[in-house]
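Topology and contacts: notes
The chain contents come next:
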Amino acid sequence: MSRADRSLRHVTADDNAASMDDTAATEDQDDPMNLCLPMPDLNGIDFNQSTLRYASVSQVTNYFRSDALKRVFERLSEYSTTGSAAMMQKNTLVKADDEYQFVIHCSQQVLHIEVEKGKVYKFLADHYATRFPELVTLIPDSVTYAKVVMCLGNSLDVTDAVVTQAYELVPSQIVATIIAAASTSHGRELSPHELSAVVEAAEELRGLEDAKQVLLEYIQMRMVLVCPNLCAFLGTAITSQLFAIVGDVESIAGMDPADLIKVGAQKATTTGFRVESAGFLINVDLVAHQPPELRMKALRLVAAKTVNLARIDAHRRASDNEEGLRCRRDVMSLMLRWTDPLVRPAKFQSNRTYERRTRRAKRAGADGDDAGGVRDRRGVNRVLRRL
């Protein structure tokens, strides 16, 4: 059974166990062919408003139990079953193909899942703050936070088993900080109903993350057919991440390189410091392998080349990935000259005539008979003759 089938079974089971309120909330999605959801408003979520007035996470979001997500995974399972044979026959995916539109729809669902994860994380952090309010400041990642909450539960007596599980989730220094904060925390124990709501939210957050990873894996498999030159230049993993956030190749082609650098950047609070991370392009091997002082220069170059290759793929000006491979070789050769000045191609060799003139002028200056002095003496003699 594939990972997509397992996720589909998980979503189906949760959908069958949902209440009638969830069915009423999703009655506008009864058309099985209507897979297009409105794009979520990323700035429309008020994270400053408490969610303690909600008793269950299903009152905050019902996307994980909705029919829309179930239909997406049903269609994904169909494409995964017939995808291997289809990829052997196809060299590319164009806009007219149904699967191309489904890939774009999957990228929209990834954005939607990220928004829903933010809602569930807000609910989980507000409700578990009653038991351990300091934990949310120690673990910035929402999925890791949910896993640690499942590990700790209602008891803050950190045993050896809990410490062993925590070491698999977070670094050792964060584990030590969690243990110290748990021993001095002023939170109270959760009631059975409150603990059940927290566990439900943590499981839903992890389920949303698993669903997102399944969609990203599918997008990564189809990226070679959608934008071959970008995949040859950046790699399928980075290309699928950009595609999932931006939406399609045309949007990447229309972006400014400076804005493309920021795609995927996150702000995280770690051990009291506010850190702004770079975007997805910082993980490209052409950038990551450079020295720290040249990394931003390499990042700007890779972003500019990415926009150019996206324009080639968007307008289908190349039938294969040769342009992306050629661009990658050129960038690698240029970056090699940054770190090793002795590596110079033959076409950049300087003219020996000007080198000889420069050496002759330097020798004349060392002897005290430089060209400037000769011109000055000639001017003085010319003036004296006129007198």
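How each quantity is defined
Residues numbered from 1 in each chain as written. Predicted model: local features only at pLDDT ≥ 70, side-chain atom pairs only at ≥ 80, totals over all residues. Heavy atoms only, no water. Helix = DSSP H or I, 4+ residues; strand = E, 2+ residues; numbered from the N terminus. Buried < 20%, exposed > 50% of the residue type's maximum accessible area, 1.4 Å probe, protein only. Areas by Shrake-Rupley, 256 points an atom, 1.4 Å probe, with all protein chains shown as cover. Lys, Arg positive; Asp, Glu negative; His and termini not counted. Salt bridge = Lys/Arg side-chain N within 4 Å of Asp/Glu carboxyl O. Contact = heavy atoms within 4.5 Å. Axes fitted to C-alpha atoms, helices over the stretch in contact; angles between N-to-C directions. Parallel < 35°, antiparallel > 145°, perpendicular 65-115°, else oblique. Left-handed = near helix turned anticlockwise from the far one by under 90°. Nonpolar A, V, L, I, M, F, W, Y, C, P; charged D, E, K, R; others polar. Patch = residues over 30% accessible without salt bridge, like charges linked within 9 Å, V, L, I, M, F, W, Y side chains within 5 Å. Charge placed at Lys NZ, Arg CZ, Asp CG, Glu CD. Polar contact = N/O pair within 3.5 Å; in protein donor to acceptor, adjacent residues only side chain to side chain. pLDDT = per-residue confidence, 0-100. Core = buried A, V, L, I, M, F, W, Y, C linked by side-chain atoms within 4.5 Å. 1 Å grid on protein atoms, 1.4 Å probe; cavity = no way out; pocket = protein on both sides within 12 Å on 5 of 7 lines; lining within 4 Å. Points joined across faces, edges and corners; volume = space filled by probe spheres on them. Expected span 1.5 Å × (residues − 1). Bend = angle between axes of the 7 residues up to and from the residue. Disulfide = S-S within 2.5 Å. Phe/Tyr/Trp six-rings, centres within 6.5 Å; stacked < 30°, edge-to-face > 60°.

For the rest of this paragraph, the subject is the overall build of the protein. For the protein, the helix and strand inventory stands at 18 helices and two strands. When the 387 residues of the protein are sorted by exposure, 40% land in the buried category. For the protein, the exposed area adds up to about 21,900 Å²; of that, 52% sits on carbon and sulfur atoms.

The next thing to look at is the side chain of Asp 313. Following the sequence through the fold, Asp 313 ends up in helix 15 (residues 295-314). Buried charged residue Asp 313 carries no salt bridge. Nearest counter-charge: Arg 316, at 5.3 Å. Contact partners of Asp 313, with chain neighbours within four places excluded, come to Cys 227, Pro 228, Asn 229, Leu 230 and Val 249.

Quick look at the packing of helix 15 against helix 16 (residues 322-339) now. The relative placement of two packed helices is expressed as an angle between their axes plus a distance between the axes. Direction vectors running N to C along helix 15 and helix 16 enclose 165°, while the axes themselves pass 11 Å from each other. In terms of orientation, helix 15 lies roughly antiparallel with respect to helix 16. Crossing angle aside, the handedness with which helix 15 passes helix 16 is right-handed. For the pair formed by helix 15 and helix 16, the contact residues are Lys 297, Ala 298, Leu 301, Val 302, Lys 305, Leu 309 and Ile 312 on the first element and Glu 323, Gly 324, Cys 327, Val 331, Leu 334, Met 335 and Trp 338 on the second. For the contact of helix 15 with helix 16, a count of residues per class yields 10 nonpolar, one polar and three charged.

Turning our attention to a positive patch on the surface. Together, Arg 356, Arg 357, Arg 359, Arg 360 and Arg 363 make up a positively charged patch on the protein surface. With respect to the element layout, Arg 360 can be found in helix 17 (residues 352-366).

Right, let's get into the side chain of Asp 248. For Asp 248, the position within the fold is in the loop between helix 11 (236-246) and helix 12 (249-253). A polar atom in the side chain of Asp 248 sits 2.5 Å from the side chain of Ser 251. Those residues in contact with Asp 248, other than ones at most four positions away along the chain, are Ile 104 and Phe 243.

Quick look at the confidence of the model for the protein now. In this model, the protein carries an average pLDDT of 78, and 74% of its residues clear a pLDDT of 70 or more. Mean pLDDT per element in the protein: helix 2 (residues 20-25) is the minimum at 41, and helix 15 is the maximum at 94. Throughout residues 15-45 the model reports pLDDT below 50, and contacts reaching past four residues in sequence, or to other chains, amount to 40 contacts. Predicted confidence for residues 268-275 stays below pLDDT 50, and this span has 12 contacts to residues more than four positions away or in other chains.

Turning next to the pattern of salt bridges. Across all of its chains, the model carries 13 salt bridges by this definition. Between Lys 117 and Glu 209 there is a salt bridge whose closest N-O contact spans 2.5 Å. Of the two residues, Lys 117 is situated in helix 4 (residues 98-128) and Glu 209 in helix 9 (residues 192-226); the sequence distance between them amounts to 92 residues. Given the relative accessible area of 6%, Lys 117 is considered buried.

One recurring pattern in soluble globular proteins is that nonpolar side chains are buried together. Counting residues in hydrophobic clusters, the biggest one holds 93 residues, and the most contacted among them are Leu 124, Tyr 128, Phe 132, Leu 135, Tyr 145, Leu 234 and Leu 281. In terms of residues, this core owes the most to one element, helix 9, which gives 15 residues. Residues within four places of Phe 132 in sequence aside, it is in contact with Leu 152, Leu 156, Ile 178, Ala 181, Ala 182 and Ser 185.

Along the chain, Ile 179 falls in helix 8 (residues 172-183). What makes Ile 179 partly exposed here is its relative accessible area of 34%. Between the C-alpha atom of Ile 179 and that of Val 163, which follows or precedes it by 16 residues, the distance is 8.6 Å. Residues in contact with Ile 179, not counting those within four places in the same chain, are Val 158 and Val 163.

What follows concerns empty space enclosed by the protein. A full pass over the atoms with the stated rule returns two cavities of 30 Å³ or more. In this structure, the largest cavity occupies an estimated 60 Å³ of space. Lining the largest cavity are Val 148, Leu 152, Val 158, Val 162, Val 163, Ala 166, Val 175, Ile 178 and Ile 179. Counting only elements with at least two residues in the lining of the largest cavity, the list comes to helix 6 (142-152), helix 7 (160-167) and helix 8. A per-class count over the lining of the largest cavity returns nine nonpolar, no polar and no charged. Its volume calculated, the second largest cavity comes out at about 30 Å³. Around the second largest cavity, the lining residues are Tyr 128, Val 149, Met 150, Gly 153, Leu 195, Val 198 and Val 199. Within the residue set of the lining of the second largest cavity, elements represented by two or more residues are helix 6 and helix 9.

Along its 35 residues, helix 9 runs 50 Å from first to last C-alpha, staying within 8% of the 51 Å computed at 1.5 Å per residue. A bend of about 25° at Gln 220 is the largest found in helix 9.

The tally for this structure, following the rule as stated, stands at zero disulfides. Cysteine Cys 231 is unpaired, with the sulfur of Cys 227 as its nearest cysteine sulfur at 4.5 Å.

Enumeration over the complete set of coordinates arrives at three aromatic pairs. Geometrically, the ring pair formed by Tyr 79 and Phe 102 is tilted, given 5.2 Å between the ring centres and 35° between the ring planes. Of this pair, Tyr 79 sits in helix 3 (residues 67-89) while Phe 102 sits in helix 4, placing them 23 residues apart in sequence. Given the relative accessible area of 1%, Phe 102 is considered buried. Relative to Tyr 145, the ring of Tyr 121 lies with its centre 5.5 Å away and its plane at 90°, an arrangement referred to as edge-to-face. Of the two residues, Tyr 121 sits in helix 4 while Tyr 145 sits in helix 6, which places them 24 residues apart along the sequence. Each member of the pair, Tyr 121 as well as Tyr 145, is classed as buried.

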